[in-house]
Amino acid sequence: MKEKLREIVDTLSERLAAASALKEVEDLRVWALGKKGELTQILKGMGALSPEERPAAGQIANEARVKIESMLETAASTLRIAELERRIKDEDIDITMPGRAPERGSRHPMTAVIDEMSRLFVGMGFEIAEGPEIETDYYNFVALNIPEQHPARDDQDTFYFEGNGNFMLRTATSPVQVRVMESQKPPIRIICPGKVFRSDDVDATHSPVFHQIEGLVVDKGITLGDLKGVLTVFAKEVFGDKAVVRFRPHYFPFTEPSAEMDVRCFSCGGAGCRVCKGEGWIELLGCGMVHPKVLSMSGIDPEIYSGYAFGMGLERIAMQRYGILDMRLMFENDVRFLRQFA
Ligand code: DAH
């Protein structure tokens, strides 16, 4: 038996010396110590020995097992270390090499315009208010003096929620006026930029989702003069000191009197051109003195307070500012378009 054991140890030693991968060491472990391994076979044969022979044989076999295990472990750890050293050498990092620059995005032109407008109005003492994009019929229409059956609802067809006609995507940022008046006491001076929705088909100048900015000022003694002053300053900030504006009478259900503000075409100076479609003026926004009914529906006494409001679409302003000819570019998120604003 001793001889057989020495043979196993010798063979193992030879083969381990030749092994170059951990897998080979593992195979040898199975060869020697596995269920059908060489040593296991010998141990099984010990049953045939006499009771006197057994203890000595058992001791020898055990010593051989310990030796075999340690040989296997030594070989495995030598290979592991060699593998680690190889990797350290191969995967050497040159820390003096310039890093890979992270890809930097840029602000979307809409975001840039919203930020710029917000900064401008905040500079004039306005606060920024927000409201939900899903509105109820009351806030979107009724509280803005647009009761059911009012013809003004026709130009503001929107998206309703199946099974509940009371909820819709807001058609303007105007409902935020109502929410602010219900929850704040005058003096109120807010702007509200945000997304609005209408069921319009997509073309170069229309989109079912677009952006507006709403303004509302309510206090004692607010007049049309305040409205004209603030909006004129605003136009000069956006279009330059030489910008000329005009106020044209208009109709909105929630303001009385109402007006639209135009800016003289900055492309032709008023003579008429393609940009202003021959008008000489470019329409910028709607505005007016908040209707007394709108004030009182929101819990503000129109005998004590008065206010003005305005609302404008932002896509058009962004398009003019950046010379963008098609509104669809704003929503398609083509990086070739967006990169131009980096
Ligand atoms: N809500 C109007 C629209 O979507 C814009 C507007 C006009 C808002 C006059 C106002 C305003 O606050 O006073 O066309």
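Since this is a predicted model, take the numbers as computed values, not measurements. Throughout this description, residue numbers start from 1 for each chain and increase along the sequence as written. In view of the model being predicted, local features appear only for residues whose pLDDT reaches at least 70, and side-chain atom pairs are presented and counted only at 80 or more, with totals across whole chains, interfaces and linings using the full set of residues. Based on all heavy atoms of the structure, the side-chain values leave hydrogens and waters out of the count.

(A) Fine view of the site of the ligand. It suffices for a single heavy atom of a residue to lie within 4 Å of a molecule or strand for the residue to be listed as near it. By nearness alone, 15 residues border the ligand, and Ser174, Gln177, Arg198, Gln212 and Glu214 come closest of all. A 3.5 Å cut-off defines polar contacts: any pair of N or O atoms within that distance qualifies, except that in protein one atom must be a possible hydrogen donor and the other a possible acceptor, and neighbouring residues in sequence count only when both atoms are side-chain atoms. Residue glutamine 177 places a side-chain N or O atom 2.9 Å away from an oxygen atom belonging to the ligand. The backbone of phenylalanine 310 places a nitrogen or oxygen atom 3.4 Å from an oxygen atom of the ligand. Under the convention used here, a 1.4 Å probe and the Shrake-Rupley method define accessible areas, while residue burial counts only the protein chains that appear. Protein chains shield 90% of the accessible area of the ligand, which is 350 Å² for the free molecule.

(B) Inspection of the sheet that holds strand E8 (residues 255-264) at higher detail. The pairing criterion for strands is at least two bridges between them, as found by DSSP. Numbering of helices and strands runs from the N terminus; a helix is a DSSP stretch of H or I covering at least four residues, while a strand is a stretch of E covering at least two. In spatial order, the strands read E1-E5-E6-E10-E9-E8-E7; together these seven strands make up an open sheet with mixed pairing. Looking at the sheet topology across the chains shown, the edges are occupied by strand E1 (127-128) and strand E7 (245-252). As paired elements, strand E9 (residues 281-290) and strand E10 (residues 306-313) share four bridges and run antiparallel to each other. Note on E10: the bridge partner recorded for cysteine 287 is phenylalanine 310. Those strands touched by helix H5 (residues 109-123) are E1, strand E5 (188-197), strand E6 (209-219) and E10, and its axis lies near 165° from that of E5. Strands in contact with helix H8 (residues 224-239) are E7, E8, E9 and E10; relative to E9, the strand with the most contacts, it is inclined by about 150°. Contacts are residue-level and defined by heavy atoms, with any inter-residue pair within 4.5 Å sufficient. Orientation is described by lines fitted to C-alpha atoms, with helices fitted over the stretch in contact, and by angles between N-to-C directions that extend from 0 to 180 degrees.

(C) Summary view of the packing of aromatic side chains. Any pair of Phe, Tyr and Trp rings, taking the six-membered ring for Trp, is counted once the centres come within 6.5 Å. Such a pair is stacked with planes under 30 degrees apart, edge-to-face with planes over 60 apart, and tilted for the rest. Within this structure, the stated rule accounts for nine aromatic pairs. Between tyrosine 138 and tyrosine 139, the aromatic rings sit 5.4 Å apart at their centres with planes inclined by 80°, giving edge-to-face as the arrangement. Geometrically, the ring pair formed by phenylalanine 252 and phenylalanine 254 is stacked, given 5.7 Å between the ring centres and 20° between the ring planes. Residues phenylalanine 252 and phenylalanine 254 agree in their burial class; the two are buried. Ring pairing ties together the aromatic residues Phe121, Phe126, Phe234, Tyr308 and Phe310, which thus form one cluster. Working rule: Lys NZ or Arg CZ, within 6 Å of ring centre, within 35 degrees of ring normal, means a charge sits over the ring. A cation over an aromatic ring shows up here: arginine 15 above the ring of tryptophan 31, its NZ or CZ 4.9 Å from the ring centre. Geometry around tyrosine 139 places arginine 179 over its ring, the cationic atom sitting 3.9 Å from the centre. Residue exposure (1.4 Å probe, protein chains only): buried if accessible area is under 20% of the type maximum, exposed if over 50%, otherwise partly exposed.

(D) A look at the side chain of arginine 198. Relative to the helices and strands, arginine 198 resides in the loop between E5 and E6. Within the local environment of arginine 198, its side chain forms a polar contact with the backbone oxygen of threonine 171, the two atoms lying 2.8 Å apart. Non-local contacts of arginine 198, meaning those with residues more than four positions away in its chain, are made with Asp155, Gln156, Asp157, Thr158, Phe159, Thr171, Ala172, Pro208, Phe210 and Gln212.

So yeah, pure geometry; function would need other evidence.
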